[in-house]
Amino acid sequence: MLEGLDLNQYSVAAAQPGLAVEALARVRAPKPEFSSQIRIANFLDEKTTRIDDLRGHCKEHISLLCEYRSSLISAAVTGQLDIDNFGRSGA
């Protein structure tokens with residue numbers, strides 16, 4: 001939405017260009033009705049909760065994969081796993 005407002009037109013020409021607060025305060029930005037804002041907020045809450053849950057599951061699986069990798073390396077180094085024939089048919 002901010003990109004669509006073309007805020008560059010409110011920029012103050014100076015050594016360090018910037019937006020004048022007074023000019024920016026006069027910019028009218030559309031906003032949805034309050035009931036729509038509530039629906040949008042609820043939707044975003046639901047989706048971000050789902051994303052947080054998925055992140056948690058991913059971290060858990062990554063941790064398990066790291067443990068599995070470590071145990072495979074340990075088994076290969078200690079000779080508990082025959083890596084010479086690993087992956088060959090019949091092995």
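Residues numbered from 1 in each chain as written. Predicted model: local features only at pLDDT ≥ 70, side-chain atom pairs only at ≥ 80, totals over all residues. Heavy atoms only, no water.

(A) Quick look at the overall build of the protein chain. For the protein chain, the helix and strand inventory stands at 2 helices and 2 strands. Going residue by residue from the N terminus, the α and β elements of the protein chain occur as β-β-α-α. Counting every position in the protein chain, which comprises 91 residues, the buried fraction comes to 8%. As displayed, the protein chain offers around 8300 Å² of accessible surface, 57% of which is attributable to carbon and sulfur atoms. (Helix = DSSP H or I, 4+ residues; strand = E, 2+ residues; numbered from the N terminus. Buried < 20%, exposed > 50% of the residue type's maximum accessible area, 1.4 Å probe, protein only. Areas by Shrake-Rupley, 256 points an atom, 1.4 Å probe, with all protein chains shown as cover.)

(B) Highlighting a nonpolar patch on the surface. On the surface, a cluster of nonpolar side chains totalling about 290 Å² of accessible area is made up of Ile40, Phe43 and Leu44. With respect to the helices and strands, leucine 44 occurs in helix α2 (residues 34–77). (Patch = residues over 30% accessible without salt bridge, like charges linked within 9 Å, V, L, I, M, F, W, Y side chains within 5 Å. Salt bridge = Lys/Arg side-chain N within 4 Å of Asp/Glu carboxyl O.)

(C) Seen up close, α2. For α2, with 44 residues, the first-to-last C-alpha span of 64 Å sits near the 64 Å given by 1.5 Å per residue. Phi for glycine 79, located one or two positions after α2, is positive at around 85°. (Expected span 1.5 Å × (residues − 1).)

(D) Region of the structure containing the environment of leucine 5. Tracing the sequence through the fold places leucine 5 in the segment before β1 (11–12). Looking at leucine 5, the relative accessible area reads 18%, which means it is buried. Taking the C-alpha atoms as reference, leucine 5 lies 7.7 Å from alanine 29; in sequence the two are 24 residues apart. Setting aside residues no more than four positions away along its own chain, leucine 5 makes contact with Tyr10, Val27, Arg28 and Ala29. (Contact = heavy atoms within 4.5 Å.)

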